[in-house]
Amino acid sequence: CCRGVESDACAPIHSPTEMQLPMNVRRSARRSSCLARVGAVAGATALLLHVARPWFAGRESTGNFVGTPHTLRSPFHRRLTAAATATAEVAVALDQITDEEPLHVLVAGAGVGGLALANALGHMPKIKVTVIEKTSAFKRFGGPIQLASNAMMNLKEMNRELYDKIEAKATWTGNLTNGIKDGIRSEWYAMFDLKTPAADRGMPFTCVVERPDLQEIMLGELGEGIVRNGAGVDSYKHLTGGGVVAMLDDGTEVRGDVLIGADGIWSSIRATMHKNEVRGEGSGTTYSGYTVYAGELNYKPADNGEVGYKVYIGPVQYFVVTDIGKGRYQWYAFLAKPVGTAKSDATLKPTEEVDGCAAGNPAYLREVFEGWSSEIHDIIRATRDDEVQQRDLYDRPPSLTEPWHEGHVALLGDAIHAMMPNLGQGGCQAMEDAIVISEELKNLSRRSEVPDALAKYKERRLIRSASVQGLSRFASDIIIRGFDTPAKISFDDGIKFENFGYAGIVTRMLQPILPVFFQVQFSFLYSDYRNRFALDLGAAVGFLVLGGIPLLLFSAGIFDTGILATLGLEGLVAGAEGGGVIETLTTIGEETASLL
């Protein structure tokens, strides 16, 4: 029954949807339950032999059997022995991964990470993929996504044809001018060089791609029937003897050998694994403290074609503008606000134009950024209210202790390491997860090896993803809570001291440090993008300590536990307080190393 010969004793119960699947799919789904039955038969046979042994021994003593003691040669015994041997051989055969019985990988979620994994596995022998997507049909939805050099290089090495199609839709920004501007004076404050670290490593430049275009390209590379729409994974359960059952929210079940939770920040797979809620305080997901207004429009600034990405810094908020190609731009306004202000602040939105800015969100933001750069006002003024969306930002602390996998189930992307958008690495890190998972699964010869392969995946990804995750939150905190309008001495109409408060002076002091930080940051991101080393201690310490800690030390509000918590280092406060800079760096370095 376990090799395709159906019988009443072995046939599983299928949902109507599952009955429509091809025979090889149903056979794969049936494998795990058959393996459990085979194990039960083998165990029963062994027990029967053990119980029958005294009886056979007694028969030997009467002379009815010929042979040495404990050598049982009756026809009955030979049949039992043959049955036990056969069941053991069947169990071994079922465990093997072959072309006829491939490893069946279920992927929950058809986002960037899930589709990247499906594409990575789709061309590998002895692996079958099923993507389970909640939406009934794919629609063009969502704005652009940044694909940094590490993500583009992974795509290029994974599937050159896929990469070429994505490249054709990309708008390159990594080869343009990128950096931070004084949000009040419109002056460049610090530049970050995306081009040199990519060029030095022979990597594609950072680019932006419309998310619907990226999704369509990835879907187009998958074979017919790989994506199953209309119901998402609600939970899962392990099968005795190996394998997993994905329980869908429409009541149906899908069986496989592996389940990868690529179902986003509100992951049901994660909630089942961690035994907590999908949403809410008990979910492990935390509100970042920031809300973001995002606008997308046709626009042509004075620096069109020259500048890819610019961040305007100032007191307690910041503004980002990026070129997304084809004459379109996207901007973000990051504000430190309580959760839920999309509703609570609705009455604060002007119902009439303000300085040429449309009523609603544009007029509101014009007031919020009063006194800021005219460049910010210009792009807000060009934006319609229906081109603006507001959303609260959620993320997770670095998952140094949370489980990434359980048996034949593992988490990917935002499901395990949701991060703030400041480094533009959310989708990129999900792609790195996908590449590592595919590499760990492709060489397996037995299904029983899956748990060890998923454990190896975590080992290879833990430190790198946690570093990026922590620094993404750190970037938001330091910009909003540490940066201000830089102090400046002006000689127009006499000597003037502009914004010579503590925050302004500290922001000016950070100016020569930032290029070093950016160099360390991008060197880390673009090195070991294939996660060949499970523990790159030097790179991780360099990224966290040499890159992030000097900024923290010199920023306003030294040893703010909120900032430290973003790196998972809040416990350092007690040990570092009262010490000098050298002692503090030593303490932080030791504690960081202990985490690694």
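Details of the structure are given in the entry above.
Residues numbered from 1 in each chain as written. Predicted model: local features only at pLDDT ≥ 70, side-chain atom pairs only at ≥ 80, totals over all residues. Heavy atoms only, no water.

**Examining the sheet that holds strand E5 (residues 177-182)**
Across the sheet, which stays open at both edges, the seven strands sit in the order E6-E5-E14-E15-E16-E13-E17 with mixed pairing between neighbours. Strand pairing shows two members of the sheet lacking a second neighbour, strand E6 (188-191) and strand E17 (388-395), which therefore form its edges. Looking at each pair of strands side by side, their axes are set apart by 25° on average, direction ignored. Sheet topology note: the strand E14 (residues 307-314)/strand E15 (residues 317-325) ladder contains six bridges and is antiparallel. Along E15, the bridge assignment pairs Tyr309 with Thr322. Of the strands in this sheet, strand E13 (286-298), E15, strand E16 (328-336) and E17 are in contact with helix H11 (residues 361-368), which crosses E16 at around 60°. (Pairing = 2+ DSSP bridges. Helix = DSSP H or I, 4+ residues; strand = E, 2+ residues; numbered from the N terminus. Axes fitted to C-alpha atoms, helices over the stretch in contact; angles between N-to-C directions. Contact = heavy atoms within 4.5 Å.)

**Some points on the side chain of Gln425**
Position of Gln425 relative to the elements: it lies in the loop between helix H13 (414-417) and helix H14 (426-442). For Gln425, the side chain forms a polar contact with the side chain of Asn150, separated by 3.0 Å. Non-local contacts of Gln425, meaning those with residues more than four positions away in its chain, are made with Ala148, Asn150, Met419, Val468 and Leu525. (Polar contact = N/O pair within 3.5 Å; in protein donor to acceptor, adjacent residues only side chain to side chain.)

**Things to note about the environment of Ile505**
On the secondary structure map, Ile505 appears in helix H16 (residues 502-510). Taking relative accessible area as the criterion, Ile505 reaches 33% and is therefore assigned partly exposed. Those residues within four positions of Ile505 in sequence are excluded, and the remaining contacts are Ala487, Asn499 and Phe500. (Buried < 20%, exposed > 50% of the residue type's maximum accessible area, 1.4 Å probe, protein only.)

**A short note on the sheet that holds strand E7 (residues 207-210)**
Pairing is antiparallel in the open sheet, where three strands are placed in the order E3-E7-E4. Lying at the two open borders of the sheet, with one neighbouring strand each, are strand E3 (144-147) and strand E4 (171-172). Here E4 runs beside E7; their pairing, made up of two bridges, is antiparallel. Bridge pairing in E7 places Trp172 opposite Cys207. Against the sheet, helix H5 (residues 149-158) engages E3, E4 and E7, with an angle of about 85° to E3.

**What about the pattern of salt bridges?**
Enumeration over the complete set of coordinates arrives at 29 salt bridges. Linking Asp345 and Lys337 is a salt bridge whose minimum nitrogen-to-oxygen distance equals 3.5 Å. Of the residues examined, Asp345 reaches a relative accessible area of 9% and is grouped as buried. One salt bridge connects Glu387 with Arg384, and the closest N-O pair in it is separated by 3.2 Å. For Glu387, a relative accessible area of 15% gives the class buried. Shared partners join several salt bridges into a network, and the residues in it are Glu157, Glu439, Glu440, Arg460, Arg530 and Arg532. (Salt bridge = Lys/Arg side-chain N within 4 Å of Asp/Glu carboxyl O.)

**With respect to unusual backbone geometry**
Trans peptide bonds make up the majority, and among non-glycine residues the majority have a negative phi. Located in the positive-phi region is Asn499, a residue other than glycine, with phi close to 50°. Structurally, the position occupied by Asn499 is in the loop between strand E21 (496-498) and H16. Positive phi, close to 55°, is recorded for Asn531, a residue that is not glycine. Inspection of the secondary structure puts Asn531 in the loop between helix H17 (514-526) and helix H18 (537-554).

**Looking at the side chain of Glu439**
Here Glu439 lies in helix H14. Once residues within four sequence positions are removed from consideration, Glu439 is found in contact with Arg460, Arg530 and Arg532.

**Focus: the packing of H5 against H14**
Close contact between H5 and H14 brings their axes to 9 Å; oriented N to C, the two are set at 35°. When you trace H5 past H14, the crossing you get is left-handed. Taking contact as the criterion, the partners of Asn150, Ala151, Asn154, Leu155 and Met158 in H5 are, on H14, Cys428, Gln429, Met431, Glu432 and Ile435. Grouping the amino acids of the contact of H5 with H14 by side-chain chemistry returns six nonpolar, three polar and one charged. (Left-handed = near helix turned anticlockwise from the far one by under 90°. Nonpolar A, V, L, I, M, F, W, Y, C, P; charged D, E, K, R; others polar.)

**As for the packing of aromatic side chains**
All told, the structure shown has 17 aromatic pairs when counted by the stated rule. Taking 5.3 Å as the distance between ring centres and 70° as the angle between the ring planes, the aromatic pair formed by Trp266 and Tyr394 counts as edge-to-face. You can see Trp266 sitting in the loop between strand E12 (258-261) and helix H9 (268-274) and its partner Tyr394 sitting in strand E17, a full 128 residues away along the chain. In this structure Trp266 comes out as partly exposed when scored by relative accessible area, which is 25%. The exposure class of Tyr394 is partly exposed, given its relative accessible area of 29%. Following the ring pairs from residue to residue traces out a cluster consisting of Phe192, Tyr309, Phe517, Phe518, Phe522 and Tyr526. Stacked on the ring of Trp188, the Lys or Arg Lys181 has its end atom at 4.9 Å from the ring centre. The aromatic ring of Tyr364 is capped on one face by Lys349, whose charged end is 5.3 Å from the ring centroid. (Phe/Tyr/Trp six-rings, centres within 6.5 Å; stacked < 30°, edge-to-face > 60°. Lys NZ or Arg CZ within 6 Å of the ring centre and 35° of its normal.)

It is worth stressing that arrangement in space is one thing and function is another; only the former is reported here.
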